[in-house]
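# An overview of the molecular structure
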Amino acid sequence: MIVLYSYWLSSCSWRIRFALCLKGIPYEYKAVDLVKGEQFSPEFEKLNPLHCVPVLADDHVVVSDSYAIFLYLEEKYTQKPLLPVDPQIRALNLQIASMINSSIQPYHMISALKDMEKMFGAETKQWAQYKIDKGFLALEKLLKDVAGKYATGEHIYMADVFLAPQIMQAVNRFDIDMSKYPTLRRLSETYKGLAEFHASSPQSQPDACITNNNL
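The notes below deal with the structure included here. Within each chain, residues carry numbers counting from 1 in the order of the written sequence. In keeping with the predicted nature of the model, local features appear solely for residues at pLDDT of at least 70, side-chain atom pairs appear and are counted solely at 80 or more, and the whole-chain, interface and lining totals rest on all residues. As a rule here, side-chain values come from all non-hydrogen atoms in the structure, and water together with hydrogens is ignored.

## Observations concerning the side chain of Lys 23
- Helix and strand labels come from DSSP, where a helix needs a run of H or I of at least four residues and a strand needs a run of E of at least two; each type is numbered from the N terminus. Mapped onto the elements of the fold, Lys 23 is located in helix 1 (residues 11-23).
- Side-chain atoms alone can form a polar contact between residues adjacent in sequence; in general such a contact is a pair of N or O atoms within 3.5 Å, and within protein one must be able to donate a hydrogen while the other accepts it. Within the structure, the side chain of Lys 23 is placed 2.9 Å from the backbone oxygen of Gln 79, a separation counted as a polar contact.
- Once residues within four sequence positions are removed from consideration, Lys 23 is found in contact with Leu 73, Glu 74, Tyr 77, Thr 78, Gln 79, Lys 80, Pro 81 and Leu 82. Whether two residues are in contact is decided by their heavy atoms: any pair within 4.5 Å suffices.

## Describing the environment of Tyr 150
- Tracing the backbone through its elements, the reader meets Tyr 150 in the loop between helix 6 (124-143) and helix 7 (158-174).
- Note on exposure labels: buried denotes an accessible area under 20% of the residue type's maximum, exposed denotes more than 50%, and partly exposed covers the range between, all computed with a 1.4 Å probe on protein chains only. Given the relative accessible area of 7%, Tyr 150 is considered buried.
- Each C-alpha atom, one on Tyr 150 and one on Ser 188, is 9.3 Å from the other, the two residues being 38 residues apart in sequence.
- Dropping the residues within four chain positions of it, Tyr 150 is found in contact with His 155, Ile 156, Asp 160, Leu 187, Thr 190, Tyr 191 and Leu 194.

## Regarding the environment of His 51
- Turning to its location among the elements, His 51 is positioned in the loop between helix 2 (42-47) and strand 3 (55-58).
- As a C-alpha pair, His 51 and Gly 37 span 14 residues in sequence and 9.2 Å in three-dimensional space.
- If near-sequence neighbours (up to four positions away) are discounted, His 51 is found in contact with Gln 39, Phe 40, Phe 44 and Glu 45.
- Side-chain polar atoms of His 51 contact the backbone oxygen of Pro 49, separated by 3.3 Å.

## Here's the deal with the state of the cysteines
- Whenever a pair of cysteine sulfur atoms sits within 2.5 Å, that pair is classed as a disulfide. The final tally for this structure, using the stated rule, is zero disulfides.
- Between Cys 52, a cysteine without a disulfide, and Cys 12, which holds the nearest cysteine sulfur, the sulfur-to-sulfur distance is 8.0 Å.
- Using a relative accessible area of 26% as the deciding quantity, one classes Cys 52 as partly exposed.

## Notes on the packing of helix 1 against helix 7
- Angles run from 0 to 180 degrees between N-to-C directions of axes, and those axes are lines fitted to C-alpha atoms, restricted for helices to the stretch in contact. At a minimum axis separation of 9 Å, helix 1 and helix 7 run at an interaxial angle of 135°. Considering the angle they form, helix 1 stands oblique to helix 7. Classified by chirality, the crossing of helix 7 by helix 1 is right-handed. Where helix 1 abuts helix 7, its residues Ser 11, Trp 14, Arg 15, Phe 18, Ala 19 and Leu 22 lie against Asp 160, Val 161, Phe 162, Ala 164, Pro 165, Met 168 and Gln 169.
- Classes in brief: Ala, Val, Leu, Ile, Met, Phe, Trp, Tyr, Cys and Pro nonpolar; Asp, Glu, Lys and Arg charged; the others, Gly included, polar. In terms of residue class, the contact of helix 1 with helix 7 is made up of nine nonpolar, two polar and two charged. Relative orientations are named as follows: roughly parallel for angles under 35 degrees, roughly antiparallel for angles over 145 degrees, roughly perpendicular for angles from 65 to 115 degrees, and oblique for any other angle. By definition, turning the near helix anticlockwise from the far helix through less than a right angle yields a left-handed crossing, and turning it clockwise yields a right-handed one.

## With respect to the sheet that holds strand 2 (residues 27-31)
- The four strands are arranged 2-1-3-4 in an open sheet whose pairing can be described as mixed. Edge positions in the sheet fall to strand 2 and strand 4 (61-64), since each of these pairs with one other strand and no more. Geometrically, the sheet is characterised by an average inter-axis angle of 20° between neighbouring strands, direction not taken into account.
- Strands were regarded as paired on the criterion that DSSP finds at least two bridges between them. In terms of strand pairing, strand 1 (residues 2-6) meets strand 3 through three bridges, oriented antiparallel. Counterpart to Tyr 5 in the pairing with strand 3 is Val 55.
- Lying on the sheet, helix 1 is in contact with strand 1, strand 2 and strand 3; it crosses strand 1 at an angle near 150°.
- Each of strand 1, strand 3 and strand 4 touches helix 3 (residues 66-76); the most contacted strand, strand 4, lies at about 135° to it.

Structure follows, in structure tokens:
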């Protein structure tokens, strides 16, 4: 069985939990407490020397980084595909996921914000809000004329898997005003109606600590 090393509040981990639920793939959940520093243990370092979640273990195959994990799952487990066949729509999904993975989420990682505060004494929340707003503005412009029920049409795909956790994190952790992004706000309401969204959400995970909601 697949083993997913995850932290309940990690939006990167949430992407993979969401994808696994949408594809109907059973998995074992192994919690890695980032607050306690369990990602720096010798055992976890063997899985991912970057000390980040998620990490997916599938028999002898170990993959880290949510983008790589998603593509691995999509290629090996072909049921309920989350990438379209059409090359243009497929490329758009890859583009959106890459924007979130490389140009938005890294700027509000817990470790990154702590490092900034330690090194520069900076106000990190405002920095994170600025980077999220910049990314969301680009996503809104990209999707406003192509979105249907979901980000790239009438079927749920990779773009949605990456968007859903990002929007929730932006609202819940960084107080982003989604009224500025009507397309993204509408999509987030659609995601909230999915059982797979709720099953993969932070509050539904075995390591959830509801009182610790500021990370």
